[in-house]
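The primary structure of each chain is shown beneath.
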Amino acid sequence: MRPPAGRNGLATAALVLGVISLITSIVCIGGLFGVIGLVLGIAALWRARRTGVGRGMSVTALVTSSLAIVVSVLAAFFLVWYADKTQECYQPDSLRQYRQCVHQQLTAG
């Protein structure tokens, strides 16, 4: 079944997922949305080549989804690095002690 003239539903869905994934990528869940958006974006691009509709949205979806995946991976690496550097600080008696411990761990050479 062909989409209505002038519409590419896959491109629209991929773009929406790409934007959502980019917004949520800092909390790592965006990577999952980004992968789904990337797959939909590729499918939308194939459809756009066939029908001539939705190429711009498909490319934008591919870019936003790819960026979201990269940001999610970087956020995950940072989170793991931070957890490793501050693992001695996880049993503080107060928030002030935790902040002092984190500061010492991150500034120690």
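For the structure, see preceding data.
Residues numbered from 1 in each chain as written. Predicted model: local features only at pLDDT ≥ 70, side-chain atom pairs only at ≥ 80, totals over all residues. Heavy atoms only, no water.

Caption draft 1: Layout of the overall build of the protein chain. In terms of helices and strands, the protein chain carries four helices and zero strands. What you see in the protein chain, going N to C, is helices and strands ordered as α-α-α-α. Relative to the compact-globule value of 13 Å for 109 residues, the protein chain shows a C-alpha radius of gyration of 21 Å, a clear excess of over 25%. Taken along its principal axes, the extent of the C-alpha atoms in the protein chain is 65 × 25 × 15 Å. Per-residue burial over the protein chain gives 27% buried out of 109 residues. As presented, the protein chain carries roughly 7400 Å² of accessible surface, and 67% of it is formed by carbon and sulfur atoms. (Helix = DSSP H or I, 4+ residues; strand = E, 2+ residues; numbered from the N terminus. Rg over C-alpha atoms; globule rule 2.2 N^0.38 Å. Buried < 20%, exposed > 50% of the residue type's maximum accessible area, 1.4 Å probe, protein only. Areas by Shrake-Rupley, 256 points an atom, 1.4 Å probe, with all protein chains shown as cover.)

Caption draft 2: View of a nonpolar patch on the surface. A surface patch of nonpolar side chains, amounting to about 480 Å² of accessible area, comprises I26, V27, I29, L32 and I36. With respect to the helices and strands, I29 occurs in the loop between α1 (9-24) and α2 (30-51). Residue classification places I29 among the partly exposed positions, given a relative accessible area of 44%. (Patch = residues over 30% accessible without salt bridge, like charges linked within 9 Å, V, L, I, M, F, W, Y side chains within 5 Å. Salt bridge = Lys/Arg side-chain N within 4 Å of Asp/Glu carboxyl O.)

Caption draft 3: Structural detail: the state of the cysteines. Scanning the model with the defined rule gives one disulfide in all. A sulfur-sulfur distance of 1.9 Å marks the disulfide that ties C89 to C101. Measuring the twist about the S-S bond at about -80 degrees, one finds the C89-C101 disulfide to be left-handed. Linking C89 in the loop between α3 (55-85) and α4 (95-107) with C101 in helix α4, this pair joins segments that are 12 residues apart in sequence. A residue is classified by how much of its surface remains accessible, and C89, at 1% relative accessible area, is buried. (Disulfide = S-S within 2.5 Å.)

Caption draft 4: Structural detail: the packing of aromatic side chains. Going through the model one piece at a time under the given rule, you end up with two aromatic pairs. Taken together, F78, W81 and Y82 form an aromatic cluster joined through their ring pairs. (Phe/Tyr/Trp six-rings, centres within 6.5 Å; stacked < 30°, edge-to-face > 60°.)

Caption draft 5: Spotlight on the packing of α1 against α3. Across the interface, α1 lies against α3 with an axial gap of 8 Å and an inter-helix angle of 25 degrees. Relative to α3, α1 is oriented roughly parallel. In this structure, the crossing between α1 and α3 has a hand that is left-handed. Taken together, the residues of α3 that come into contact with α1 (itself represented by A11, T12, A14, L15, G18, V19, S21 and L22) are M57, S58, T60, A61, T64, S65, L67 and A68. (Axes fitted to C-alpha atoms, helices over the stretch in contact; angles between N-to-C directions. Parallel < 35°, antiparallel > 145°, perpendicular 65-115°, else oblique. Left-handed = near helix turned anticlockwise from the far one by under 90°. Contact = heavy atoms within 4.5 Å.)

Caption draft 6: Looking closely at α3. In this model, α3 (31 residues) spans 45 Å end to end at C-alpha, consistent with the 45 Å of a helix rising 1.5 Å per residue. Along α3, the residues that are buried comprise S58, A61, L62, T64, S65, A68, S72 and A75. Tucked into the core, α3 has its buried residues touching α1 and α2. (Expected span 1.5 Å × (residues − 1).)

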